Amino acid sequence: MSKSKEKLVEVRNLKKHFKVGRKQILKAVDGLTFDIYKGETFGLVGESGSGKSTAGRTIMRLYDATEGQVMFKGKSVHGKKTKDELKELNQNMQMIFQDPYASLNPRMTVMDIIAEGLDIHGLVKTKEERQRKVNELLKIVGLNEEHANRYPHEFSGGQRQRIGIARALAVEPEFIVADEPISALDVSIQAQVVNLLKRLQEERGLTYLFIAHDLSMVRHISDRVGVMYLGKMMEIAPSDKLYTSPLHPYTRALLSAVPIPDPEVERKRERIQIKGELPSPINPPSGCVFRTRCPFAKDVCAKEVPAFAEYRDGQWAACHMHDERFKEHFKSDLEKIQ
Amino acid sequence: MSQQTIKESDFTPIQYTEAETEKIVGESTSYWKDAWRRFKKNKLAIGGVIIIILLAVMSLAGPYMTEYNYYENDLINANQSPSAEHWFGTDNLGRDMFARTWEGAKISLFIGLTAAIIDLIIGVIWGSVSGYIGGRVDEIMMRIADILSALPYLLVVILLMVVMPQGLWTLILAMTITGWINMARIVRGEVMRLKNEEYVLAAKSLGASTTRIIARHLVPNMLGPILVTLTLTVPSAIFTEAFLSFLGLGVPAPLASWGTMTSDGLASLRYYPYQLFFPAFFISLTMLAFNVVGDGLRDAFDPKDKR
Amino acid sequence: MKKVLEVKDLSVSFHTYGGEVQAVRGVSFDLYEGETLAIVGESGSGKSVTAQSIMQLIAQPPGEYKSGSIILDGEDLLKKTEAEMQHIRGQEIGMVFQDPMTSLNPTMTIGKQIAEGLIKHQKLSRQEAYERAIELLHLVGIPNPEKRIKQYPHEFSGGMRQRAMIAIALSCNPKILIADEPTTALDVTIQAQILDLLKRLQKEMNTAIIIITHDLGVVANIADRVAVMYGGKVVETGEVDDIFYHPKHPYTWGLLASMPKLNEIKEELQSIPGTPPDLKAPPKGCPFVTRCPYAMKVCDEHMPPYTNVRNKQQTACWLLDERAPKVEPPAHIMAGGLTNDE
């Protein structure tokens, strides 16, 4: 699974703020910086309020960026674009949505839903060609030709999600943002959809940004994983490293909270307690946003925002614990986690 | 347990093909078929539809069913009660009430439906654009609507009637000048609710233009409330026409509408009540029928217990 | 151990325009004092309807209790009147639902919602009820309970609302707590807190818990025994270790194979092809037949009987019949657990 070192998507200090009420600002995404390489699957995890969905949509240009930049193949995604430039972007970046019951127009047939991209961009010339392309796509995602004339409500969640995948594939994109594509599906169906996504990636050289909160599934499908909390990136690491030797206290707490389907393991596990509740994204804590719940928080954590630095090869974290300047304060804590 | 009927050979493996496992049982039902089925069950609503159809048929065929026409005066036979000759009687100028009622039906229904459809077109476009674009544009468009609806209606109508030549189209204009506002508000509400649905976002990410999103994604999903509002606008329009005619602002003689007939009939209520009775009865019947159909449509399109 | 609840051959259907949906078809299981039974299944398996049936919360129509019995304290709950059930709900059986936002009344303070049950069932005075409410909030780990009882649900976070729901459900010290997907809507760190809370409360109050879930990780964490449901029937029951390490039903094998485990790398997730059966026209035989890689002719036509596999493990599968070909469980099953064989 070695991926090229060619950067497909570059995110630089991306911020997305929403105005709520009179004066308040909700900082959904507050300074995200990372790269996605061609052909890889980048998993983005976080709990509710982390900003991962907003990040995905902003990268897709569904939202404007408040600050910062997103580059796709070297060209900026936001800003004023000509009709042709927009068309190109739309054909190159596509999205799969979370809710299979809401992401398909209930009044359109499956044929029309899947062909919409083709229609908008004029990729087919005749009715027969359109039908042929749709049937092809249906087959690729494991559905039957006769399904094309039916309506979304006649399908199960897993089947609808596959229709959504067919829709995204129709314009032959290079990059797909999958926003919690399996969270609403049954467990045995999740495996179907994930296997399909993996197979498509191999066959077509796709690059994925896989947004999810299910850490087990993210580990399975991703090459690299980013962990978000309250709009900021806490850690980025190759998939295995994240799970075997996480750097950030939030990552550790998150991992220890995920239940593993193995009773013996569950009985023996030590849970890292994470106290308190998620702070409001309208009024995030100063310094490190995680400090109000971190078992290792020190004074410096309230005063200074931790730098997001590469503390090990390919592994980045935003935590003072690993910062050379403050290592003294955290000596005993570091020993505990080693 | 019927162990005896199970043979050793029953334990041979079988395979289901993938196509079979993905089969969908049952026939395809669309949203419309579902709604139509629910509507059919509503006896009252079906009754309303039948009445409307009958009225429409009579408005076309009625005048031919009697040898008299609607405009010929026959003063000798004026103010005659309903009889075998004149089924609905005659009015103060001796004109046959039966023929006049059905000519009036043509006019009243025409005015009602046309006004409702014009309201529909303007309202849907105004509401969709305003709701979808939002922000400044939405504020401006809605303020215009608010101001228009705040103007004293009667004043506007009278001014209009003074400036424009009296006639059918002036009347329709007077009715639609503020009639669209209700539809626009409803459509705007629906659009604001629907525009953040995931399938709209999906269309956007595919590159759909605003027009395409409104026409293909929003309007088909709003047809329920739109149809219902349409069916409820018609009786309101018919009543407004009657009301305006009553004030003397209606169609000119010898044309008849139910409104003018009611107005004329009021004068002789004491002595010849049937002259008021017939037009008033049909106005009420029509309004009732449309209201009942509108209610039926609302229930058909918006069931709360879909499984 | 004492049996606290016995569900025998329960069948529940719903009458819809499209036909009769047989949501639950002959389900039986027992619940013992102080244990946690997990009912696992995917959507359409009938697990939620089963749970709601115990509390008789199914609206009739369109629902209908077609047959079976639910025995609590020697009495059949299905034969009780609504008035009698109202006495039992809250007092003998408490329930926690999936979405705490919609199951709490947004216009009543939390304190009032807790006190309601106490005043009605235990005949406490208002003063006493509110004091007990403060105690209960403290018990479920909500800080500052005196302040909190005066607050409304929207002022609580998701995790706290769920804790409040648990407080309400346990307020009258019921023998049984039914938790229907209590953590599905919560973040994973909050889920861990709630599961720990349930375990602690169970120890302190000796309540038997029925937890409905589709997450096998949650099952491994909290359950003592497991009932696996599919297509309206229970296909396998047993102690939690037996279900995870010695399962005998192909559906259980499929479920275990399709779940990624956080602590290991799997090359490929084995998915179960196809979709669950349409319960308007359920298959004559085993409901899993169209998706089972080991399906045989007999599976299509006859419902498999329950076979006693180990001390408390029961599996409904024709593979266990002596006439069936011997089948080895898939590789991944042999890999788990400490004791690897009978």
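A. Molecular detail of the overall build of chain A. Counting its regular elements, chain A contains twelve helices and twelve strands. Look at the contacts in chain A between residues 6 or more apart in sequence, and 65% of them connect residues 24 or more apart.

B. How the structure looks around the overall build of chain C. Across its full length, chain C carries 13 helices and twelve strands. By the compact-globule yardstick of 20 Å for 342 residues, chain C fits well, its C-alpha radius of gyration being 21 Å. Based on the C-alpha atoms only, the size of chain C along its principal axes is roughly 70 × 45 × 40 Å. By the burial criterion, 52% of the 342 residues in chain C qualify as buried. Taking contacts inside chain C between residues at least 6 apart in sequence as the whole, the part at least 24 apart equals 64%.

C. Focus on the interface of chain C and chain A. Across the contact, 37 residues belong to chain C and 35 residues belong to chain A. In terms of residue count, the dominant contributor to the side of chain C that touches chain A is helix 9 (residues 216–222) of chain C (five residues).

D. Seen up close, the pairing of strand 4 (residues 67–72) of chain A. All names here are of chain A. Summarising the sheet, strand 1 (residues 7–20) and strand 4 pair through five bridges and their orientation is antiparallel. For Val11, the partnering residue across the bridge sits in strand 4 and is Val70. Counted between consecutive antiparallel strands, the loop separating strand 4 from strand 5 (residues 75–76) contains two residues, among which Lys73 sits at a positive phi close to 50°.

E. Highlighting the environment of A:Val45. Residue and element names in this part refer to chain A. Among the secondary structure elements, Val45 is positioned in strand 3 (residues 41–45). The exposure class of Val45 is buried, given the 27 C-beta atoms found within 10 Å. Distance in space between the C-alpha atoms of Val45 and Leu14 is 17 Å, their sequence separation being 31 residues. Setting aside chain neighbours within four positions, we find Val45 in contact with Ala212, His213, Leu215, Val218, Val225 and Val227.

F. Structural context of the sheet that holds strand 6 (residues 93–96) of chain A. Residues and elements named next belong to chain A. With respect to topology, eight strands assemble into an open sheet ordered 6-7-8-3-9-10-12-11, the strand pairing being mixed. On the outer flanks of this sheet lie strand 6 and strand 11 (308–312), each paired with one strand and no other. The sheet shows a mean angle of 20° between the axes of neighbouring strands, direction not considered. For strand 6 and strand 7 (residues 175–179), the ladder comprises four bridges, and the chain directions are parallel.

G. Quick look at the sheet that holds strand 2 (residues 24–37) of chain A. Residues and elements named next belong to chain A. Pairing in this open sheet of four strands is antiparallel, and the strands run 2-1-4-5 from one edge to the other. Lying at the two open borders of the sheet, with one neighbouring strand each, are strand 2 and strand 5. The sheet contacts of helix 1 (residues 52–59) involve strand 1, strand 2 and strand 4, and relative to strand 1 the element is tilted by about 115°.

H. Summary view of unusual backbone geometry. Residue and element names in this part refer to chain A. For Glu172, which is not a glycine, the phi torsion comes out positive at approximately 55°. Mapped onto the elements, Glu172 comes out in the loop between helix 5 (157–169) and strand 7. Residue classification places Glu172 among the partly exposed positions, given that 13 C-beta atoms sit within 10 Å.

I. Helix 5 of chain A, seen in detail. A rise of 1.5 Å per residue sets the reference length of helix 5 of chain A, with its 13 residues, at 18 Å; its end C-alpha atoms lie 19 Å apart and thus fit the reference within 8%. Taking burial as the measure, the 13 residues of helix 5 of chain A include twelve buried ones, the bulk of the element. By the burial criterion, the buried members of helix 5 of chain A are A:Gly158, A:Gln159, A:Arg160, A:Gln161, A:Arg162, A:Ile163, A:Gly164, A:Ile165, A:Ala166, A:Arg167, A:Ala168 and A:Leu169. Elements in contact with the buried residues of helix 5 of chain A: strand 6, helix 3 (110–121), helix 4 (127–140), strand 7 and helix 6 (187–204) of chain A together with helix 8 (198–206) of chain B.

J. Fine view of the environment of B:Phe239. All names here are of chain B. Mapped onto the fold, Phe239 is located in helix 9 (residues 210–246). In this structure Phe239 comes out as partly exposed when scored by C-beta crowding, with 18 C-beta atoms within 10 Å. When the C-alpha positions of Phe239 and Ser108 are compared, they lie 9.2 Å apart, and in sequence the two are 131 residues distant.

K. Geometry of the packing of helix 4 (residues 97–133) of chain B against helix 11 (residues 274–301) of chain B. All names here are of chain B. The interhelical angle for the contact between helix 4 and helix 11, taken along N-to-C directions, is 30°, at an axis separation of 11 Å. By the criterion of interaxial angle, the relationship of helix 4 to helix 11 is roughly parallel. When you trace helix 4 past helix 11, the crossing you get is right-handed. Here Met97, Thr101, Gly104 and Ala105 of helix 4 come into contact with helix 11, specifically with Gln275, Phe278, Pro279 and Phe282.

L. Layout of the nonpolar core. Grouped together as the largest cluster of nonpolar side chains are 258 residues, with contacts concentrated most on A:Leu209, A:Phe210, C:Ala167, C:Ile178, C:Ile210 and C:Val228. A total of 14 residues in this core trace back to one element, the largest contributor, which is helix 4 of chain B. Setting aside chain neighbours within four positions, we find A:Phe210 in contact with A:Thr41, A:Phe42, A:Gly43, A:Leu44, A:Ala178, A:Val218, A:Ile221 and A:Ser222.

M. Highlighting the packing of helix 7 (residues 168–194) of chain B against helix 9 of chain B. All names here are of chain B. Between helix 7 and helix 9, the shortest axis-to-axis distance is 10 Å and the interhelical angle comes to 155°. One finds that helix 7 runs roughly antiparallel with respect to helix 9. Considering how the two elements wind past one another, helix 7 and helix 9 form a crossing that is right-handed. Judged by residue contacts, Leu171, Ala174, Met175, Gly179, Asn182, Met183, Ile186, Val187, Glu190, Val191 and Leu194 of helix 7 engage Leu218, Asn221, Met222, Pro225, Ile226, Thr229, Thr233, Ala237, Thr240, Glu241 and Leu244 from helix 9. Taken together, the residues that form the contact of helix 7 with helix 9 break down as 14 nonpolar, six polar and two charged.

N. Spatial organisation of the confidence of the model for chain C. Residues and elements named next belong to chain C. In this model, chain C carries a mean pLDDT of 87, and residues with pLDDT of at least 70 account for 97%. Here residues 336–342 is modelled with pLDDT under 50, and outside its nearest four sequence neighbours on either side it reaches nine contacts, counting other chains as well. Overall fold confidence for the complex sits at a pTM of 0.83, while the interface term, ipTM, reaches 0.84.

Conventions used here
- Residues numbered from 1 in each chain as written.
- Chains lettered and ligands numbered in written order.
- Predicted model: local features only at pLDDT ≥ 70, side-chain atom pairs only at ≥ 80, totals over all residues.
- Helix = DSSP H or I, 4+ residues; strand = E, 2+ residues; numbered from the N terminus.
- Contact = placed C-beta atoms within 7 Å.
- Rg over C-alpha atoms; globule rule 2.2 N^0.38 Å.
- Buried ≥ 20, exposed ≤ 12 C-beta atoms within 10 Å, placed from the backbone.
- Pairing = 2+ DSSP bridges.
- Axes fitted to C-alpha atoms, helices over the stretch in contact; angles between N-to-C directions.
- Expected span 1.5 Å × (residues − 1).
- Parallel < 35°, antiparallel > 145°, perpendicular 65-115°, else oblique.
- Left-handed = near helix turned anticlockwise from the far one by under 90°.
- Core = buried A, V, L, I, M, F, W, Y, C linked by C-beta atoms within 7 Å.
- Nonpolar A, V, L, I, M, F, W, Y, C, P; charged D, E, K, R; others polar.
- pLDDT = per-residue confidence, 0-100.

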